[in-house]
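What the coordinates show
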Amino acid sequence: ERERERLRTDSRRASGWHTVVAMDASYVPYGERSEWSDVTPVPQDDGDSPACPILYTPQFEDVMNYFRAISAADEMSERALALTEEVVTMNAANYSVWHFRRRVLAALGGRWEAERDYVAGVIGDNLKNYQVWHHRQAVVQALNDGSQEIDFTAEVLELDAKNYHAWQHRHWAMKTFQLFSSVPNNGLDYVDTLLAADVRNNSAWNHRFFIVTNTTGFTPDVARKEIDVALEHLKLAPSNESPWNYIRGACKAAGLQLFSQPSIEAVCQSVLGQGTQPAAVLAMLVDIDEQKAADAALPADQRTAAKAHAEELCKTLAESVDEIRAKYWQFRGQCIQSE
């Protein structure tokens, strides 16, 4: 072990690591703690000549050396649980530590309610950390109780309304524990509040689709109502692609053709009439015309005109409006032409 440590030190020096990091003065090394005297620490094995050794702090090395030791021994104890908390304080993204902590908790009889409170605090300091959110989910599963997750995720979303982890966790909890009826209007009122604060909150649009899909479903009547909601928001931000995609999804889920809902095309034309050409608006018109051109129930001249208009829109998008996706619009135009 001494030889291995010497090689690691020499490698660090050779790599340009000359700074000596002192251990926190208030920190008591595990080797000096009587309750850990029976444990032999296990150093990290980077091999004899690591290409790019990481300069861990002495405190981090000490904690991890003892964690590796109890992990290798599969020790399920109070001190093991306390040690995992110290590791998490240093690196909350260590998946192995979280996994080991859950095993220790289970062996000690659970304590899942206290753990739920604990991980809430860790999440507060690590809002965008996959491992802490996964741990929260595992704890809630162990409790078989999702009653706190609506309020908890709302608190996080108040800090960051587009936090992917909070939204994913909220979706999981609502579906797993069927919490839709526990919030006003199945949660749509909450979505409305977020969209009123930020009409471009695309996460809220995604959540809206999730709620409708898992409650009423997109029946034709529900879809028409949701289309109207989206169009009202689009009047404020017509370039926002998310509500347009929401409309596409609502129509598809309800089995409706885009052109069968005149209000969609009407809003598109209204926006263009203001002298602007948002790519999202033209893209919607392409989809509408493409559906018209493919509908055998429409008169032949109407289908031909729609096809020509769709090709013209694709050309406009490729050449002047959405040039960054020119290749895509050229491809779309060619597909429409060949239909």
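Parameters at a glance
Residues numbered from 1 in each chain as written. Predicted model: local features only at pLDDT ≥ 70, side-chain atom pairs only at ≥ 80, totals over all residues. Heavy atoms only, no water. Helix = DSSP H or I, 4+ residues; strand = E, 2+ residues; numbered from the N terminus. Phe/Tyr/Trp six-rings, centres within 6.5 Å; stacked < 30°, edge-to-face > 60°. Buried < 20%, exposed > 50% of the residue type's maximum accessible area, 1.4 Å probe, protein only. Lys NZ or Arg CZ within 6 Å of the ring centre and 35° of its normal. Core = buried A, V, L, I, M, F, W, Y, C linked by side-chain atoms within 4.5 Å. Salt bridge = Lys/Arg side-chain N within 4 Å of Asp/Glu carboxyl O. Expected span 1.5 Å × (residues − 1). Arc of directions from axis to C-beta. Contact = heavy atoms within 4.5 Å. Axes fitted to C-alpha atoms, helices over the stretch in contact; angles between N-to-C directions. Parallel < 35°, antiparallel > 145°, perpendicular 65-115°, else oblique. Nonpolar A, V, L, I, M, F, W, Y, C, P; charged D, E, K, R; others polar. Disulfide = S-S within 2.5 Å.

So, on to the environment of S71. Relative to the elements of secondary structure, S71 occurs in helix 2 (residues 58-73). The spatial distance from the C-alpha of S71 to the C-alpha of E232 is 57 Å, given a sequence separation of 161 residues.

Tallied over the entire structure, the rule returns 15 aromatic pairs. Measuring from ring centre to ring centre gives 6.4 Å for W98 and Y118, while their planes differ by 50°; the resulting arrangement is tilted. With W98 in helix 4 (residues 95-107) and Y118 in helix 5 (residues 112-125), this residue pair connects regions lying 20 residues apart in the sequence. The class of Y118 is buried, set by a relative accessible area of 18%. Ring-pair connections join several aromatic residues into one group, and the members of that group are W205, F209, F218 and Y246. Here the guanidinium or amino end of R33 rests over the ring plane of Y30, the centre of that ring lying 3.8 Å away. Taking NZ or CZ as reference, R136 lies 3.9 Å from the ring centre of F152, over its face.

With that settled, consider the nonpolar core. If you look at soluble globular proteins, the nonpolar side chains tend to sit buried side by side. Ranked by size, the top nonpolar core spans 92 residues in total, and within it F67, L83, L231, W244, I247, I264 and M284 carry the most contacts. Of the residues forming this core, the biggest block, nine residues, is contributed by helix 14 (residues 279-294).

Counted according to the given criterion, the structure contains 20 salt bridges. The partner of R208 in a salt bridge is E226, and the shortest N-O contact between them spans 2.5 Å. Residue R208 is found in helix 10 (residues 202-214), and its partner E226 is found in helix 11 (residues 220-234); the two are separated by 18 residues along the sequence. We classify E226 as buried; its relative accessible area is 3%. One salt-bridge network, held together by shared partners, links R248, D287, E290 and R332.

If you check the backbone angles, N144 has positive phi at about 55° while not being a glycine. Positive phi is not limited to glycine here, since N186 has a value of about 60°. By the secondary structure assignment, N186 is in the loop between helix 8 (164-176) and helix 9 (188-197).

Moving on, we get to helix 15 (residues 300-321). Residues spaced three or four apart along an α-helix face the same direction, because each turn holds 3.6 residues. Taking 1.5 Å per residue, 22 residues should reach 32 Å; helix 15 reaches 30 Å between its end C-alpha atoms and fits that length. Along helix 15, the positions that sit buried rather than exposed are A306, A310, L313, C314, L317 and A318. Around the axis of helix 15, the buried residues are gathered within 125° of arc, so they sit on the same side. Away from its buried face by more than 90 degrees, helix 15 exposes A300, D301, T304, E312, K315 and E319. Each element contacted by the buried residues of helix 15 is listed here: helix 14 and helix 16 (326-338).

Bringing helix 7 (residues 149-159) into the picture now. Three or more residues of helix 7 are buried, namely E149, I150, F152, T153, V156 and L157. In a view along the axis of helix 7, the buried residues occupy a sector of 165°, so they form one face of it. In helix 7, the exposed positions that point more than 90 degrees away from the buried face belong to D151, E155, E158 and L159. Summarising the contacts, the buried residues of helix 7 are in contact with helix 5, helix 6 (130-143), helix 8 and helix 9.

So, about the packing of helix 11 against helix 12 (residues 241-254). Close contact between helix 11 and helix 12 brings their axes to 9 Å; oriented N to C, the two are set at 170°. When the axis of helix 11 is compared with that of helix 12, the two are roughly antiparallel. Contacts from P220, A223, E226, I227, A230, L231 and L234 of helix 11 reach helix 12 at P243, W244, Y246, I247, A250, C251 and A254. Of the residues that constitute the contact of helix 11 with helix 12, the class distribution is 13 nonpolar, no polar and one charged.

One pass over the full model with this rule turns up zero disulfides. Not engaged in a disulfide, the cysteine C314 finds its nearest cysteine sulfur in C335; these two sulfurs lie 9.1 Å apart.

Our next topic: the side chain of D322. With respect to the helices and strands, the residue D322 is situated in the loop between helix 15 and helix 16. Take D322: its relative accessible area is 7%, and that puts it in the buried class. Discounting chain neighbours no more than four positions away, the residues touching D322 are A279, L317 and W329.

Function-wise, these values are silent; they only describe arrangement.
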